[in-house]
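Structural overview
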Amino acid sequence: ISVRTRYIPPAEAGLPALAVQITRLVDSYMVWVGVTEETAETVENAPRSGSLCKDWACAMPPTPGSALAGPATTLYRTSSSDVAFSMAQRLAKRVGKAVFLSVDVSSPQRVLLDAERVVVE
(Lines give C-alpha, C1' and ligand atoms only; values in the text may rest on other atoms or scores of the structure.)
Protein backbone atom coordinates (compact mmCIF):
# COMPACT_ATOMS: atom_id res chain seq x y z
CA ILE A 1 0.00 0.00 0.00
CA SER A 2 1.28 3.44 -0.89
CA VAL A 3 -0.24 6.88 -0.36
CA ARG A 4 0.59 9.96 -2.39
CA THR A 5 -0.92 13.42 -2.01
CA ARG A 6 -0.57 16.00 -4.77
CA TYR A 7 -1.27 19.72 -4.85
CA ILE A 8 -2.96 21.22 -7.92
CA PRO A 9 -2.66 25.00 -8.05
CA PRO A 10 -5.64 27.02 -9.32
CA ALA A 11 -5.81 26.98 -13.12
CA GLU A 12 -7.04 30.58 -13.16
CA ALA A 13 -7.92 33.40 -10.80
CA GLY A 14 -11.05 32.74 -8.80
CA LEU A 15 -10.74 28.95 -8.87
CA PRO A 16 -9.69 26.96 -5.81
CA ALA A 17 -6.57 24.88 -5.35
CA LEU A 18 -7.15 21.13 -5.22
CA ALA A 19 -5.58 18.28 -3.32
CA VAL A 20 -5.58 14.73 -4.66
CA GLN A 21 -4.76 11.82 -2.38
CA ILE A 22 -4.16 8.51 -4.15
CA THR A 23 -3.96 5.34 -2.10
CA ARG A 24 -2.62 2.51 -4.21
CA LEU A 25 -3.86 -0.84 -2.97
CA VAL A 26 -3.08 -4.29 -4.37
CA ASP A 27 -5.61 -4.31 -7.23
CA SER A 28 -7.39 -1.00 -6.77
CA TYR A 29 -7.04 2.68 -6.03
CA MET A 30 -8.75 4.85 -3.44
CA VAL A 31 -8.74 8.45 -4.63
CA TRP A 32 -9.88 11.55 -2.76
CA VAL A 33 -10.16 14.88 -4.59
CA GLY A 34 -10.97 18.02 -2.65
CA VAL A 35 -10.67 21.77 -2.48
CA THR A 36 -7.86 22.86 -0.20
CA GLU A 37 -6.50 25.95 1.46
CA GLU A 38 -3.26 24.09 2.26
CA THR A 39 -0.04 25.00 0.50
CA ALA A 40 1.94 22.61 -1.69
CA GLU A 41 4.23 21.98 1.30
CA THR A 42 1.39 21.00 3.65
CA VAL A 43 -1.00 19.37 1.18
CA GLU A 44 -0.80 16.04 3.08
CA ASN A 45 -3.11 17.65 5.67
CA ALA A 46 -5.85 18.46 3.15
CA PRO A 47 -7.83 15.18 3.42
CA ARG A 48 -8.20 15.68 7.17
CA SER A 49 -10.31 18.78 6.61
CA GLY A 50 -12.29 17.37 3.69
CA SER A 51 -15.30 15.12 3.41
CA LEU A 52 -15.10 11.50 2.26
CA CYS A 53 -18.82 11.04 1.69
CA LYS A 54 -19.82 14.09 -0.31
CA ASP A 55 -19.77 12.32 -3.67
CA TRP A 56 -18.37 8.78 -3.56
CA ALA A 57 -18.40 6.04 -6.21
CA CYS A 58 -16.76 2.74 -7.10
CA ALA A 59 -16.01 1.60 -10.65
CA MET A 60 -14.48 -1.55 -12.11
CA PRO A 61 -12.49 -1.61 -15.34
CA PRO A 62 -14.30 -2.87 -18.43
CA THR A 63 -13.60 -6.34 -19.72
CA PRO A 64 -10.66 -6.45 -22.15
CA GLY A 65 -11.67 -5.39 -25.64
CA SER A 66 -14.91 -3.79 -24.51
CA ALA A 67 -15.72 -0.26 -25.65
CA LEU A 68 -18.28 0.09 -22.86
CA ALA A 69 -17.56 1.41 -19.40
CA GLY A 70 -17.15 -1.15 -16.66
CA PRO A 71 -19.70 -1.64 -13.89
CA ALA A 72 -19.95 1.13 -11.32
CA THR A 73 -22.07 2.21 -8.41
CA THR A 74 -22.59 5.30 -6.33
CA LEU A 75 -21.67 4.68 -2.71
CA TYR A 76 -22.90 8.07 -1.48
CA ARG A 77 -23.89 11.33 -3.10
CA THR A 78 -25.81 14.48 -2.43
CA SER A 79 -28.29 16.10 -4.77
CA SER A 80 -25.74 18.78 -5.62
CA SER A 81 -22.89 16.45 -6.57
CA ASP A 82 -22.81 13.67 -9.12
CA VAL A 83 -19.39 13.74 -10.79
CA ALA A 84 -17.71 10.84 -8.96
CA PHE A 85 -19.68 8.12 -10.80
CA SER A 86 -18.63 9.03 -14.35
CA MET A 87 -15.15 10.13 -13.31
CA ALA A 88 -14.57 6.81 -11.50
CA GLN A 89 -15.64 4.92 -14.64
CA ARG A 90 -13.19 6.89 -16.81
CA LEU A 91 -10.36 6.40 -14.34
CA ALA A 92 -11.01 2.65 -13.97
CA LYS A 93 -10.94 2.29 -17.73
CA ARG A 94 -7.65 4.21 -18.00
CA VAL A 95 -5.81 2.52 -15.11
CA GLY A 96 -7.29 -0.96 -15.62
CA LYS A 97 -8.09 -1.43 -11.93
CA ALA A 98 -10.98 -0.81 -9.57
CA VAL A 99 -11.30 2.80 -8.46
CA PHE A 100 -12.98 4.07 -5.30
CA LEU A 101 -13.34 7.80 -5.86
CA SER A 102 -14.45 10.49 -3.43
CA VAL A 103 -14.96 14.01 -4.81
CA ASP A 104 -15.26 16.89 -2.35
CA VAL A 105 -15.44 19.71 -4.89
CA SER A 106 -18.36 22.04 -5.47
CA SER A 107 -16.47 24.17 -7.99
CA PRO A 108 -16.97 24.11 -11.75
CA GLN A 109 -16.24 20.78 -13.39
CA ARG A 110 -13.30 22.19 -15.32
CA VAL A 111 -11.18 22.05 -12.16
CA LEU A 112 -11.83 18.31 -11.98
CA LEU A 113 -10.14 17.73 -15.34
CA ASP A 114 -6.84 18.77 -13.77
CA ALA A 115 -7.44 16.33 -10.90
CA GLU A 116 -8.24 13.51 -13.31
CA ARG A 117 -4.97 14.13 -15.18
CA VAL A 118 -2.99 13.92 -11.93
CA VAL A 119 -4.56 10.58 -11.02
CA VAL A 120 -3.70 9.04 -14.38
CA GLU A 121 -0.07 10.25 -14.26
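Up top is the structure these notes are about.
Scope of this entry: the structure provided in the associated data block. (Residues numbered from 1 in each chain as written. Predicted model: local features only at pLDDT ≥ 70, side-chain atom pairs only at ≥ 80, totals over all residues. Heavy atoms only, no water.)

Let's talk about the pattern of salt bridges
The full count for this structure, using the stated rule, is 3 salt bridges. Note that Glu 116 is salt-bridged to Arg 90, the shortest N-O span being 2.9 Å. Here Glu 116, found in helix H3 (residues 110–120), pairs with Arg 90, found in helix H2 (residues 84–95); they are 26 residues apart in sequence, far enough to count as distant. Since its relative accessible area comes to 39%, Arg 90 is described here as partly exposed. With its nearest N and O atoms 2.7 Å apart, the salt bridge here joins Asp 114 to Arg 117. Of this pair, Asp 114 and Arg 117 both sit in helix H3, 3 residues apart, which is roughly one turn of the helix. A relative accessible area of 48% places Arg 117 in the partly exposed class. (Salt bridge = Lys/Arg side-chain N within 4 Å of Asp/Glu carboxyl O. Helix = DSSP H or I, 4+ residues; strand = E, 2+ residues; numbered from the N terminus. Buried < 20%, exposed > 50% of the residue type's maximum accessible area, 1.4 Å probe, protein only.)

Here's the deal with the state of the cysteines
This model, assessed by the stated rule, comprises 0 disulfides. Not part of a disulfide, Cys 53 finds its nearest cysteine sulfur in Cys 58, a span of 14 Å. The class of Cys 53 is partly exposed, set by a relative accessible area of 34%. Residue classification places Cys 58 among the buried positions, given a relative accessible area of 9%. (Disulfide = S-S within 2.5 Å.)

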